[in-house]
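# Architecture and fold: a report
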Amino acid sequence: MPQSEEDLFPSTPGKIKSDRNHYNTMNRTFHRCFSSTSTMFLWALFLIALTASYLSFQSFVASGSRYLHHTSHNSVGDLHWEKQIRSSAQIHRQNGFSVLVTGAAGFVGSHVSLALKKRGDGVVGIDNFNDYYDPSLKKSRRTMLESHNIFIVKGDINDQRLLAKLFDIVPFTHVMHLAAQAGVRYAMENPMSYVHSNIAGLVTLLEQCKTSDPQPAIVWASSSSVYGLNEKVPFSESDQTDQPASLYAATKKAGEEITHTYNHIYGLSITGLRFFTVYGPWGRPDMAYFSFTKNILQGKPITVYRGKDRTDLARDFTYIDDIVKGCVASLDTAGKSTGSGGKKRGAAPYRIYNLGNTSPVTVPALVRILEKNLKMKAKKNVVEMPGNGDVPFTHANISLAQMELGYKPTTDLSTGLRKFVKWYLTYYGYNQGKGNSVNL
Ligand SMILES: O=C(O)[C@H]1O[C@H](OP(=O)(O)OP(=O)(O)OC[C@H]2O[C@@H](n3ccc(=O)[nH]c3=O)[C@H](O)[C@@H]2O)[C@H](O)[C@@H](O)[C@@H]1O
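Reading guide: rules and limits
- Residues numbered from 1 in each chain as written.
- Predicted model: local features only at pLDDT ≥ 70, side-chain atom pairs only at ≥ 80, totals over all residues.
- Heavy atoms only, no water.
- Axes fitted to C-alpha atoms, helices over the stretch in contact; angles between N-to-C directions.
- Helix = DSSP H or I, 4+ residues; strand = E, 2+ residues; numbered from the N terminus.
- Parallel < 35°, antiparallel > 145°, perpendicular 65-115°, else oblique.
- Contact = heavy atoms within 4.5 Å.
- Nonpolar A, V, L, I, M, F, W, Y, C, P; charged D, E, K, R; others polar.
- Near = heavy atom within 4 Å.
- Polar contact = N/O pair within 3.5 Å; in protein donor to acceptor, adjacent residues only side chain to side chain.
- Areas by Shrake-Rupley, 256 points an atom, 1.4 Å probe, with all protein chains shown as cover.
- Pairing = 2+ DSSP bridges.
- pLDDT = per-residue confidence, 0-100.
- Salt bridge = Lys/Arg side-chain N within 4 Å of Asp/Glu carboxyl O.
- Buried < 20%, exposed > 50% of the residue type's maximum accessible area, 1.4 Å probe, protein only.

## As for the packing of helix H4 (residues 107-118) against helix H5 (residues 135-146)
Across the interface, H4 lies against H5 with an axial gap of 10 Å and an inter-helix angle of 5 degrees. By the angle between their axes, H4 is roughly parallel relative to H5. Contact with H4, carried on its side by Phe-107, Ser-110, Ser-113 and Leu-114, involves Arg-141, Met-144 and Leu-145 of H5 and no other residues of that element. Split into classes, the residues belonging to the contact of H4 with H5 amount to 4 nonpolar, 2 polar and 1 charged.

Here it is, written out as structure tokens:
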């Protein structure tokens, strides 16, 4: 047992002091040493504390600036920003929903947001306003939505902290997930943008939804392109969908599988909607009917693809108002998610529906309708369909959606294109001049 200080503090590890003098010398040395060590220790502590407070200050500034970055439109994260979100999310009908609409400045997103708002649901949008096509069209859609008190947060669905913040502010009952990298042929030019939005973005969103309490029910946009090289017509939900013809289609198919796992593991209520070539006012400029209209008006040639053996390509073009009805009906019939905080409590619905028109029209017929409406002749370049991800035709069987959602498309292509052309001319003018005075 150690008896004295001497025994307790050997000056050198492993060495035992033998005489008193030596002990005194050692003791002084020790005290000098100890006092300088303790000073150093205190200094070290001080420096650590200083570094820690500097780092935490930095991260505070970083996190603050993340949500307080100033855009021309709003200061993300500040009190005014939160107020706009809360006001936009306010429900004005009995048993109404609070819906987060992703891709709200997009074509389908803006229409669905408006329909929900008009019937009294709370709607908050999120959109990254990327430049896949002219962002000024997205901004005009935003302006139109703002006039109906719908607020769109500028941000990416890959921003996990932003999503968490939104769910903190609003306990969303539903998510209408329409943000995506669209377009079949562009996937060859920019494949990673599809992975970013349609895979990574989807997973980020699902991760947020799974941990939310309450968990929202999710309705999201899949695509008719998942049928790929399927030849059985019309396309039914039970048909094989394991032969996608484009990366775009593959990411949408992957989305169906990914959402299935979140349904299975976490009890998220999922409804996937396979949209068939949606068109209409406020549409997407990258789509054929839109770019054809622009070129015809400008006297520029259009390229019409043709399939093997000179067969015309055909699409089951579906008018936007019909799609909106299908989206809203999907939200209305979506069962609840069963989990919370990342824990499943029971089985939740997993549904997939075709939302098409059930009457395919060939691309040359589409051009003829446009010519009639524009009272101008198109300069056509007919070329063989390049191997760029296109499929020769699409044709939806909608009986499942009819039975379970009450979905019933009512607009044929002639009527729908007439409405589109009317909007186009009001918005852009005959000479492509920009007009912003259009209301939906
Ligand atoms: O239904 C769907 O799932 C998909 O519908 C459209 O894809 P797509 O049907 O290819 O629509 P368009 O790009 O408007 O093409 C329509 C038809 O016009 C043809 N086309 C397109 C462009 C062109 O310059 N010439 C031409 O003949 C295409 O080959 C196709 O047959 C959308 O762009 C996709 O985002 C969506 O997921």
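And the narrative resumes.
## A word on the site of the ligand
The full set close to the ligand counts 22 residues, and Arg-185, Ser-223, Tyr-248, Thr-303 and Asp-390 are the nearest of them. For the ligand, a nitrogen atom lies 2.6 Å from a polar atom in the backbone of Thr-303. Here the ligand has 690 Å² of accessible area as a free molecule, and 92% of this is covered by the chains. Those elements that place two or more of their residues in the shell around the ligand are helix H9 (288-298) and strand S8 (301-306). In terms of residues, the shell around the ligand owes the most to one element, S8, which gives 3 residues. A breakdown of the residues in the shell around the ligand according to their chemical character gives 12 nonpolar, 6 polar and 4 charged.

## Focus on the sheet that holds strand S11 (residues 350-355)
Spatially, S3-S2-S1-S4-S5-S6-S11 is the arrangement adopted by the 7 strands of the open sheet, whose pairing is parallel. Each of the sheet's edge strands pairs with one partner strand only, and the pair in question is strand S3 (151-154) and S11. This sheet shows a mean twist of 20 degrees between the axes of neighbouring strands, independent of strand direction. Where strand S2 (residues 122-127) lies against S3, 4 bridges are found, and the strand directions are parallel. Each bridged residue has a counterpart across the sheet, and for Asp-127 the counterpart in S3 is Lys-154. Together, S2 and S3 form the strand contacts of helix H3 (residues 79-88), whose direction differs from that of S3 by roughly 135 degrees.

## Side note on the confidence of the model for the chain
For the chain, mean pLDDT is 87; residues scoring 70 or higher make up 81% of the total. Segment residues 1-35 is flagged for pLDDT under 50; beyond a separation of four residues in sequence, or across chains, it makes 16 contacts in the model. Contacts from residues 55-72, a stretch scored under 50 in pLDDT, to residues over four places away or in other chains number 19 contacts. Predicted complex, confidence summary: ipTM 0.99, pTM 0.85.

## Some remarks on the pattern of salt bridges
Summed over all chains, the structure comprises 14 salt bridges. Across the salt bridge formed by Arg-274 and Glu-256, the nearest N and O atoms sit 2.7 Å from each other. With Arg-274 in strand S6 (residues 270-275) and Glu-256 in helix H8 (residues 247-266), this residue pair connects regions lying 18 residues apart in the sequence. Summarising the burial analysis for this pair, Arg-274 and Glu-256 share the class buried.

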